[in-house]
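Structural features, examined
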Amino acid sequence: MRAAQLVAGSFLAVKLGTLLVNAVTFPRLHGGPRPKDKPAPADLSDVSLLIPARNEARNLPHTLPGFLAQGAGEVLVLDDHSEDKTAELAREAGATVLSGQPLPPGWHGKPWACQQLGAAASGDVLVFTDADVTWQPGALAEAAAYFRESGADLMTVWPQQDNRAPGERILTPLVDDVLLSLLPWPLLAVPTPEAGAANGQVMMFRRACYDALGGHAAVRAELLEDVMFARAVKAAGGRLTLILGGGAVRVRMYRSYAESVTGFSKGLLSFHGGQRALLPASFALHLLTYTWPWLSGQRLLVAAGLLEGLAVRLLTRRTRPADLAEVLLTPLLPLLALPVYAQAARREVVWKGRVYAQDVPQGSAAQEAE
């Protein structure tokens, strides 16, 4: 029992320590007018806002007006062979819509969609953003100002989770927990490629850096393409930064527990370096850290786990009663995440109607699901 307490206690201590560092150092968008000493740029004509969209008819009516109101030089939507009214809705809203080309061998769907957007864009600043992300008025101007001041080649805006239905609240908050409790923000300045992270929901590139890497061709067959792109930028000598979206940039990733399981499972094996043997080890560590203390009456460890969840929500400014109530699920999360691990261990994963093999090297083909 002492060994179990030591392992769980040490893991929680590291995570709580990282949260403390990030509470002090992690920048965030504020939303609304910027301070008078740092006015937002009035001219965003050199910014291209780029949206890959595959079957996004349920999201675009809510998010596209916000994209178009940001003042970007251009807003391009890539219709990636949607089977719904994605293209029609985007055109009606006033966006420029590109028709996606067939998926080439050796490419995954989203990198190929983004590659086409990057090639069509005219701006010196390329902002790739998912169709389920909501940008509040002025958010792009504030993000672009920080990006320029930072000197970074790639910046990720980490959107605030906009969870609503009970099923959405089970697993999606783990996205914030992984970032804020495992990656100290100052570590981004270390040139080592592994000391990096990104979120494909919002990625802002300097055009010169993006083109030098060959665009999304650098990650054409990656299921975790955002993190791999961040590492590629660092490996090439580029600079990377992250900023929290606060209330200025929000995302509603999944609408149910089942959607969350499918969505998280597609990148979990890549997150573990493609090593299947690490999946059960990771599951066991989290079970020992969060569930075992609850079952064995280890009150201090239970309290530390709950404190971690509370700190993550405070940092991301998700403090509504329903948001804070999610913390109570902490002891059950490893068990609730078990289906994610099970799906991630499969030889193939399915995402948006495409089947991707997980046991072949980069450059292998993805195929359309029948």
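Cut-offs applied
- Going along each chain's sequence as written, the residues are numbered from 1 onward.
- Two thresholds apply to this predicted model, a pLDDT of at least 70 for residue-level local features and 80 or more for giving and counting side-chain atom pairs, whereas whole-chain, interface and lining totals are computed over all residues.
- For side-chain calculations, the full set of non-hydrogen atoms in the structure is used, while hydrogens and water are omitted.
- Any two rings among Phe, Tyr and Trp, with Trp reduced to its six-membered ring, count as a pair given centres within 6.5 Å; such a pair is stacked if its planes are under 30 degrees apart, edge-to-face if over 60, and tilted if neither.
- Only protein chains enter the calculation, and the probe is 1.4 Å; a residue is then buried if its accessible area is under 20% of its type maximum, exposed if over 50%, and partly exposed in between.
- Helix and strand labels come from DSSP, where a helix needs a run of H or I of at least four residues and a strand needs a run of E of at least two; each type is numbered from the N terminus.
- UniProt positions are given in the numbering used here, feature names are shortened, and annotations may be inferred rather than shown by experiment.
- Structural elements are reduced to axes, namely lines fitted to C-alpha atoms, with helices fitted over the stretch in contact, and the angle between N-to-C directions of any two is expressed from 0 to 180 degrees.
- Each angle is binned into one of four classes, with values under 35 degrees roughly parallel, values over 145 roughly antiparallel, values of 65 to 115 roughly perpendicular, and all other values oblique.
- Between two residues, a contact is recorded if the distance between any of their heavy atoms is within 4.5 Å.
- The definition of a nonpolar core used throughout is a set of buried Ala, Val, Leu, Ile, Met, Phe, Trp, Tyr and Cys residues joined through side-chain atoms within 4.5 Å.
- Each domain span listed reflects an automatic or database assignment of domains.

The protein goes by Glycosyl transferase family 2 in an unreviewed UniProt entry, where it is assigned to Deinococcus proteolyticus.

Counted according to the given criterion, the structure contains 10 aromatic pairs. Taken together, a centroid distance of 5.1 Å and an interplanar angle of 65 degrees make the contact between Phe-205 and Tyr-210 edge-to-face. For the pair Phe-205 and Tyr-210, one class covers both residues: buried. Seen in terms of ring centroids, Phe-283 and Tyr-341 are 5.6 Å apart; in terms of plane orientation they differ by 70 degrees. Their pairing is edge-to-face. Highlighted residues: Phe-283 in helix H10 (residues 278-296) and Tyr-341 in helix H14 (residues 338-344), separated in sequence by 58 residues. The burial state of Phe-283 is the same as that of Tyr-341; both residues are buried. Joined through ring pairs, the aromatic side chains of Phe-128, Phe-205, Tyr-210 and Phe-229 make up one cluster.

Below, the discussion takes up the UniProt feature "domain: Glycosyltransferase 2-like" (unreviewed entry) in the protein. The residues that UniProt annotates with the feature "domain: Glycosyltransferase 2-like" (unreviewed entry) are residues 48-171. Counting secondary structure, residues 48-171 comes out at 33% helix and 27% strand; the distance between its end C-alpha atoms is 32 Å.

Where helix H6 (residues 174-182) meets helix H11 (residues 299-315), the closest approach of the two axes is 10 Å, and the angle between their N-to-C directions is 95 degrees. One way to sum up the angle between H6 and H11 is to call them roughly perpendicular. The segment H6 lies against H11, with Asp-176, Asp-177, Leu-180 and Ser-181 engaging Glu-308, Val-312 and Leu-315.

Membership of the largest hydrophobic core comes to 72 residues, with the highest contact counts inside it found for Val-127, Trp-135, Leu-179, Phe-205 and Val-249. Two domains each put at least three residues into this core: domain 1 (1-24 + 256-345) and domain 2 (25-251). With sequence-adjacent residues up to four places away left out, Phe-205 is seen in contact with Asp-124, Val-125, Leu-126, Phe-128, Phe-147, Asp-153, Leu-154, Tyr-210, Phe-229 and Val-233. By size, the runner-up hydrophobic cluster in this structure holds 11 residues, among which are Leu-268, Leu-269, Leu-279 and Val-340.

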